[in-house]
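Each chain, letter by letter, is given below.
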Amino acid sequence: MRRSTLLLVEDSKEVLEDNRKALVAAGYEVLAASTLAGAREQLARRQPDLILLDVLLPDGNGVELCRELRDSTAAPILFLTSLGESGQIVEGLRAGGDDYITKPYRMEELLARVEAQLRRTERIRGEAAEGVGGLTLDARAQRAFLEGKDLLLKPKEFQLLCVLLRSRDRFRTAEELYQEVWGLDANADARTVLVHISNLRAKLRGGREEGNIQIQREGSRGYRLTLEAEKEWE
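A. Broad picture of the overall build of the chain. Regarding its fold elements, the chain presents eight helices and 13 strands. Looking at the 234 residues of the chain, the share that counts as buried comes to 48%. Split by element, the accessible area of the chain, about 11,200 Å² in all, is 47% carbon and sulfur.

As structure tokens, this is what we get:
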């Protein structure tokens, strides 16, 4: 069985080496870099299955790299952030990051997040295409089309849409969505789900005030995908 390849980008040499050793011991092939320039060099040689990306780096911001990469890779991107970087967390998620881990973190948490992201991505790619009401999802390519137009979804936006489409008959809370899409118990900041839902809503509207397919929210009940003809509340 092929080993998954990870790219680890971290400016602290001590943290970089500790994380690298733990990930290698867990069975991953690890590419490492401590700067944006180093990360770009690694990416020119290999396409990783997952990227662990520090936000603040000596030669720039990891969010910049994430924004660049989203045009060329569907690999999950996890930001490694400090407690005081809340604004950059949201910016990173909007740029296409899948999730974030706040420093300091336990190595067990890091390994669990990596495993869950890789497992979920593999599962999504194995699912069949599906669609409804002019919306078509291609799971293998992780692309969604509305009336034939590519919505250009980022990976987690696509995965959220898959879950919401399959459960159109009921509301899903942010905690349920996090558990199903990110593959972990919902113990993370709710911003992860909220930012991706906001991005997905905007793309479904396509610049219009209101689209035929919407993500509706009702208080504590959570979110539900609805078609124009299904706007009756339960």
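Let us keep going from here.
B. Summary view of the packing of helix 7 (residues 174-182) against helix 8 (residues 191-205). One way to put it is that helix 7 packs onto helix 8 with a least axis distance of 9 Å and a crossing angle of 85°. Between helix 7 and helix 8, the angle falls in the class roughly perpendicular. The segment helix 7 lies against helix 8, with A174, L177, Y178 and W182 engaging T192, V193, H196 and I197.

C. Region of the structure containing the packing of aromatic side chains. Applying the stated criterion across every chain, the model contains one aromatic pair. A centroid spacing of 5.2 Å and a plane angle of 10° characterise the contact between Y178 and W182, whose relative ring orientation is stacked. One end of the pair is Y178 and the other is W182, both in helix 7 and four residues apart, which spans about a single turn. Across the pair, exposure class does not vary: Y178 and W182 are buried alike.

D. The arrangement of the environment of R221 in detail. On the secondary structure map, R221 appears in the loop between strand 12 (213-218) and strand 13 (222-227). Look at R221 and you get partly exposed, because its relative accessible area is 33%. Residues R221 and R170 lie 51 residues apart in sequence; the distance between their C-alpha atoms is 9.0 Å. A polar side-chain atom of R221 sits 2.6 Å from a polar atom in the side chain of E218.

E. Layout of the sheet that holds strand 3 (residues 50-54). What the five strands build is an open sheet, ordered 2-1-3-6-7; its pairing is parallel. Each of the sheet's edge strands pairs with one partner strand only, and the pair in question is strand 2 (29-33) and strand 7 (99-102). Between one strand axis and the next, the sheet turns by 20° as a mean value, whatever way the strands run. Against the sheet, helix 2 (residues 36-45) contacts strand 1 (5-9), strand 2 and strand 3, and its axis sits at roughly 145° relative to strand 2.

F. Structural view of the pairing of strand 9 (residues 135-138). With burial as the criterion, only one face of strand 9 is covered, namely that bearing L135 and L137; the residues T136 and D138 on the opposite face remain uncovered. Here strand 9 folds back onto strand 10 (residues 143-146), and the loop between the two strands holds four residues, one of which, Q142, carries a positive phi near 55°.

G. Spatial organisation of the packing of helix 2 against helix 3 (residues 62-69). Running from N to C, helix 2 and helix 3 point in directions that differ by 25°, and their axes come no closer than 10 Å. Put simply, helix 2 runs roughly parallel to helix 3. Of the two possible hands of crossing, helix 2 and helix 3 adopt the one that is right-handed. The residues of helix 3 that touch helix 2, namely those facing L36, A39, R40 and L43, are G62, E64, L65, E68 and L69. Of the residues contributing to the contact of helix 2 with helix 3, the split by class is five nonpolar, one polar and three charged.

Calculation notes
Residues numbered from 1 in each chain as written. Predicted model: local features only at pLDDT ≥ 70, side-chain atom pairs only at ≥ 80, totals over all residues. Heavy atoms only, no water. Helix = DSSP H or I, 4+ residues; strand = E, 2+ residues; numbered from the N terminus. Buried < 20%, exposed > 50% of the residue type's maximum accessible area, 1.4 Å probe, protein only. Areas by Shrake-Rupley, 256 points an atom, 1.4 Å probe, with all protein chains shown as cover. Axes fitted to C-alpha atoms, helices over the stretch in contact; angles between N-to-C directions. Parallel < 35°, antiparallel > 145°, perpendicular 65-115°, else oblique. Contact = heavy atoms within 4.5 Å. Phe/Tyr/Trp six-rings, centres within 6.5 Å; stacked < 30°, edge-to-face > 60°. Polar contact = N/O pair within 3.5 Å; in protein donor to acceptor, adjacent residues only side chain to side chain. Pairing = 2+ DSSP bridges. Left-handed = near helix turned anticlockwise from the far one by under 90°. Nonpolar A, V, L, I, M, F, W, Y, C, P; charged D, E, K, R; others polar.

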